[in-house]
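Spelled out from the first residue to the last, the chains are:
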Amino acid sequence: MAEATTNTADFWFDPICPFAWATSRWLEEVQQVRDITVTWHVMSLSVLNENKDDLPENYREMLERGWGPVRVVTAAGEQHGQDAVKRLYDALGTQLHVNKVEDYTEAIRLALDDAGLPADLADYATQEVYDEQLRASHEDGINRVGQDVGTPVVAFNGTAFFGPVITRIPRGEEAGTLWDATVTLAGFPGFFELKRSRTEDPQAS
């Protein structure tokens, strides 16, 4: 009998993105019902859109503020390791998407405390110290799927896609069933895209 193979997911996220948050919570559910390992990586909507001139003003303003959270997560990873990336993402996403904290500076402060990480990591929100590492992680993810997508990017056993974009978080075996279907699609070399117009916003929990 062949040994069971552990599946892998590499997940690229921008902490401010509600769609990435919903997908990340799905992957957490999957880990409860399937033998998978997930590695968490930063990407940035601010980097992705920095050379685009046709963005609405309110979206451009959000992207300017959006450098802060992803820079702090990057700094946490550089200084405290991969585990800190996940801990801080969980805490920061909870503040931004579940608790609806709109002030990114306050969300960062609260999240660092919740994650048990040093408060002075918040200083990196306005610093470019780790921007090279942030951009490298972003490019690693986006180059697997192309420039005309957003976040999240997920690589299933090495095959990457934008998404899945979900608005409701599957629980239990339903999460596992969606995982199985996604892995099946990823295993077909000629499969590239499924899409339909979205009619609802993502739920945070």
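Here's a quick rundown of the structure. These numbers were taken from a predicted model, which means no experiment stands behind them. (Residues numbered from 1 in each chain as written. Predicted model: local features only at pLDDT ≥ 70, side-chain atom pairs only at ≥ 80, totals over all residues. Heavy atoms only, no water.)

**Focus: the side chain of Thr182**
Tracing the sequence through the fold places Thr182 in helix 7 (residues 172–186). Since its relative accessible area comes to 11%, Thr182 is described here as buried. Within the structure, Thr182 has its side chain in polar contact with the backbone oxygen of Leu178 (distance 2.8 Å). Not counting residues within four places of it along the chain, the set of residues in contact with Thr182 comprises Trp26 and Phe156. (Helix = DSSP H or I, 4+ residues; strand = E, 2+ residues; numbered from the N terminus. Buried < 20%, exposed > 50% of the residue type's maximum accessible area, 1.4 Å probe, protein only. Polar contact = N/O pair within 3.5 Å; in protein donor to acceptor, adjacent residues only side chain to side chain. Contact = heavy atoms within 4.5 Å.)

**Concerning the pattern of salt bridges**
What the rule picks out here adds up to 14 salt bridges. Notably, a salt bridge pairs Glu28 with Arg25, separated by 3.1 Å at the nearest N-O pair. Within this pair, Glu28 and its partner Arg25 are both found in helix 1 (residues 18–33), separated by three residues, close to a single helical turn. Arg25 gets classed as buried once you look at its relative accessible area, which sits at 10%. The shortest N-O distance in the salt bridge between Lys86 and Glu28 comes to 2.4 Å. (Salt bridge = Lys/Arg side-chain N within 4 Å of Asp/Glu carboxyl O.)

**Describing helix 5 (residues 104–115)**
Here helix 5 is twelve residues long and its end C-alpha atoms lie 16 Å apart, about the 16 Å a rise of 1.5 Å per residue gives. Every buried residue of helix 5 is accounted for by Tyr104, Ala107, Ile108, Ala111, Leu112 and Ala115. End-on, the buried residues of helix 5 take up no more than an arc of 130°, which puts them together on one face. When the buried face of helix 5 is taken as reference, the exposed residues oriented beyond 90 degrees from it are Thr105, Asp113 and Asp114. Of the residues that open helix 5, the one with a side-chain oxygen 2.9 Å from the backbone nitrogen of Thr105 is Asp103. Downstream of helix 5 by one or two residues, Gly116 has phi in the positive range, about 70°. (Expected span 1.5 Å × (residues − 1). Arc of directions from axis to C-beta.)

**Here's the deal with the environment of Val30**
Residue position: Val30 is located in helix 1. Counting along the chain gives 143 residues from Val30 to Glu173, while the straight-line C-alpha distance between them is 8.0 Å. With residues near it in sequence (within four places) discarded, Val30 still touches Ile36, Ala175 and Trp179.

**Quick look at the side chain of Thr23**
Tracing the sequence through the fold places Thr23 in helix 1. Taking relative accessible area as the criterion, Thr23 reaches 0% and is therefore assigned buried.

**Description of helix 3 (residues 57–80)**
The first and last C-alpha atoms of helix 3 sit 36 Å apart over 24 residues, in line with the 34 Å expected at 1.5 Å per residue. Taken as a whole, helix 3 carries its principal kink of about 30° at Arg65; the proline Pro69 stands between one and four residues after it. Gly81 sits one or two positions beyond helix 3 and adopts a positive phi of about 95°. (Bend = angle between axes of the 7 residues up to and from the residue.)

**Structural notes on the sheet that holds strand 1 (residues 7–13)**
With mixed pairing, the four strands of this open sheet are ordered in space as 2-1-3-4. Only two strands of the sheet have a single neighbouring strand rather than two, namely strand 2 (36–42) and strand 4 (159–162). Mean inter-strand twist for the sheet, computed between neighbouring axes without regard to direction, equals 20°. In the packing of helix 4 (residues 82–98) onto the sheet, contacts are made with strand 1 and strand 2, and the angle to strand 2 comes to roughly 80°. Packing against the sheet, helix 6 (residues 131–142) makes contact with strand 1, strand 2 and strand 3 (153–156), and its axis sits at approximately 125° to strand 2. (Pairing = 2+ DSSP bridges. Axes fitted to C-alpha atoms, helices over the stretch in contact; angles between N-to-C directions.)

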